[in-house]
Amino acid sequence: MTPDQYCEDKAAKSGSSFYYSFRFLSPEKRIAITALYAFCREVDDVVDEISDEGVARTTLAWWRNEVDQMYAGSPQHPVTQSLLPAVKSYDLPRELFLEIIDGMEMDLDQARYNTFKDLHLYCYRVASVVGQLAATIFGYTDRKTLKYAHDLGIAFQLTNIIRDVGEDARRGRIYLPVDELQRFNVPAADIQNYRETAEFKALMNFQIDRAEQYYDQAMALLPECDKKNQRTGLVMAAIYRATLAEIRLDGAQKVLNQRTSLTPIRKLWLAWKTWWFA
């Protein structure tokens, strides 16, 4: 398969909500954003699927070198081969790809975050940076759009953290800030043992409220002149916010024992509606 086909296959197999939003793009932008998504999946899989920490670190170091190779014009991996035209066409900054890898490596360095400020750096690296690269591919005329992409990235990552609390606990990670667990009287043991307590429900509703605030901030920052170009991000936001609403509707605490997701038909409906009416 070609590098572009490799990335398309990687994105399709992930079943991610992001994949639905790519369908409406022009072929050139769709290839570029799919390659960016595949890059993120590759480096994320290093941390999630390689159990030996030393091997994971070595593999991330290989990816850093591969980014250098891409910017030198001689990438070896299908993902970076597919990304190369986008890097040139959209003048994507090399340091942002390295920042994404730094974010993934944070998962090897720590399994807990003391405060939201600490967690914010992680969210910035693994999501806001990706959002800014994506916004550049989609196209913008007002630099405020990059601020929109920053806040939207934080909102997406907070939604992921909320949705995946139980799944992350099974991997030995708790992303919810330690000081907030203490404020809501939720011992780490409750999360590690998947206890759906009233205190945990209150904590999760607090997390949902904050994620919603970031969505609202992002939407307020998006300049009118760039809304059309940024419709793909708005499609993603519609799907993610609907997921967040379902989590709240289910009682919020159930994220410990189930993973909330929308049906493919509902995702397609939200994608179509947002694309045409955003």
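It should be emphasised that the depicted structure is a prediction, and the values quoted were computed from it without experimental measurement.

### Quick look at the pattern of salt bridges
As enumerated under the stated definition, the model contains 24 salt bridges in all. One salt bridge connects Arg259 with Asp164, and the closest N-O pair in it is separated by 3.2 Å. Taken together, the residues Arg259 in the loop between helix 13 (231-249) and helix 14 (264-277) and Asp164 in the loop between helix 8 (144-163) and helix 9 (165-170) connect sequence positions 95 residues apart. Note that Arg171 is salt-bridged to Glu167, the shortest N-O span being 3.4 Å. Looking at Arg171, the relative accessible area reads 40%, which means it is partly exposed. Classification of Glu167 as partly exposed rests on a relative accessible area of 29%.

### Points about the nonpolar core
Core analysis: the largest hydrophobic core is formed by 95 residues, its most contacted members being Leu36, Phe39, Phe97, Leu176, Ile191 and Phe200. The element contributing the most residues to this core is helix 7 (residues 116-138), with 13 residues. Once residues lying within four places of it in the same chain are set aside, the contact partners of Leu176 are Tyr113, Ile161, Val165, Leu181, Ile191, Phe200, Leu203, Met204 and Gln207.

### Things to note about the confidence of the model for the chain
Counting all residues, the mean pLDDT for the chain is 94, and 97% of those residues have values of 70 or more. The least confident element of the chain, judged by mean pLDDT, is helix 2 (residues 17-22) at 71; the most confident is helix 10 (residues 178-183) at 98.

### Thoughts on the environment of Thr58
Counting through the fold element by element, Thr58 comes out in helix 4 (residues 53-71). Taking the C-alpha atoms as reference points, Thr58 and Ala189, 131 residues apart in sequence, are found 32 Å from one another.

### Details of the side chain of Thr80
Mapping Thr80 onto the fold places it in helix 5 (residues 78-90). We classify Thr80 as buried; its relative accessible area is 0%. One polar contact links Thr80 to Glu66, side chain to side chain, over a distance of 2.6 Å.

### Considering the packing of aromatic side chains
Considering all chains together, one arrives at twelve aromatic pairs under this definition. Taking 6.3 Å as the distance between ring centres and 50° as the angle between the ring planes, the aromatic pair formed by Phe116 and Tyr214 counts as tilted. Here Tyr214 lies in helix 12 (residues 198-221) and Phe116 lies in helix 7, a separation of 98 residues in the sequence. Overall, the relative accessible area of 12% leaves Tyr214 in the buried class. Seen from their ring centres, Tyr122 and Tyr175 are 5.2 Å apart, and the 25° between their planes marks the pair as stacked. A residue pair is termed long-range when its members are at least 10 positions apart, and Tyr122 in helix 7 and Tyr175 in the loop between helix 9 and helix 10 qualify at 53 residues. According to the relative accessible area criterion, Tyr175 is buried, its value standing at 7%. For the cation-ring pair, Arg170 lies above Tyr194, with the distance from its terminal atom to the ring centre recorded as 4.7 Å. Against the face of Trp275 rests Arg231, its NZ or CZ located 4.0 Å from the ring centre.

### Structural notes on the side chain of Asp107
Note that Asp107 resides in helix 6 (residues 94-109). For Asp107, which is buried and forms no salt bridge, the nearest opposite charge comes from Arg173, at a distance of 4.0 Å. Polar side-chain contacts of Asp107 include one of 2.7 Å to the side chain of Tyr175. Setting aside residues up to four positions removed in sequence, Asp107 forms contacts with Val47, Tyr122, Arg173 and Tyr175.

### Quick word on a nonpolar patch on the surface
Among the surface-exposed residues, Trp269, Trp272, Trp276 and Phe277 lie close enough to one another that they form a single nonpolar patch of about 540 Å² accessible area. Here Phe277 is to be found in helix 14.

### What about the packing of helix 3 (residues 27-49) against helix 5?
Here helix 3 crosses helix 5 at 125°, and the two axes come no closer than 9 Å. As far as their axial angle goes, helix 5 and helix 3 are oblique. Of the two possible hands of crossing, helix 3 and helix 5 adopt the one that is left-handed. Along the contact surface, helix 3 presents Glu28, Lys29, Ile31, Ala32, Ala35, Leu36, Ala38, Phe39 and Glu42, while helix 5 presents Val79, Ser82, Leu83, Ala86, Ser89 and Tyr90.

### Quick look at unusual backbone geometry
Not every positive phi belongs to a glycine, and Asn185 is a case in point at roughly 55°. Of the residues examined, Asn185 reaches a relative accessible area of 58% and is grouped as exposed.

### A look at helix 6
The terminal C-alpha atoms of helix 6 lie 23 Å apart, and with 16 residues this matches the ideal 22 Å at 1.5 Å per residue to within 8%. The element helix 6 is largely enclosed, with a buried count of twelve among its 16 residues. If you check which residues of helix 6 are buried, you get Leu96, Phe97, Leu98, Glu99, Ile100, Ile101, Gly103, Met104, Glu105, Met106, Asp107 and Leu108.

Scoring rules and cut-offs
- Residues numbered from 1 in each chain as written.
- Predicted model: local features only at pLDDT ≥ 70, side-chain atom pairs only at ≥ 80, totals over all residues.
- Heavy atoms only, no water.
- Salt bridge = Lys/Arg side-chain N within 4 Å of Asp/Glu carboxyl O.
- Helix = DSSP H or I, 4+ residues; strand = E, 2+ residues; numbered from the N terminus.
- Buried < 20%, exposed > 50% of the residue type's maximum accessible area, 1.4 Å probe, protein only.
- Core = buried A, V, L, I, M, F, W, Y, C linked by side-chain atoms within 4.5 Å.
- Contact = heavy atoms within 4.5 Å.
- pLDDT = per-residue confidence, 0-100.
- Polar contact = N/O pair within 3.5 Å; in protein donor to acceptor, adjacent residues only side chain to side chain.
- Phe/Tyr/Trp six-rings, centres within 6.5 Å; stacked < 30°, edge-to-face > 60°.
- Lys NZ or Arg CZ within 6 Å of the ring centre and 35° of its normal.
- Lys, Arg positive; Asp, Glu negative; His and termini not counted.
- Patch = residues over 30% accessible without salt bridge, like charges linked within 9 Å, V, L, I, M, F, W, Y side chains within 5 Å.
- Areas by Shrake-Rupley, 256 points an atom, 1.4 Å probe, with all protein chains shown as cover.
- Axes fitted to C-alpha atoms, helices over the stretch in contact; angles between N-to-C directions.
- Parallel < 35°, antiparallel > 145°, perpendicular 65-115°, else oblique.
- Left-handed = near helix turned anticlockwise from the far one by under 90°.
- Expected span 1.5 Å × (residues − 1).

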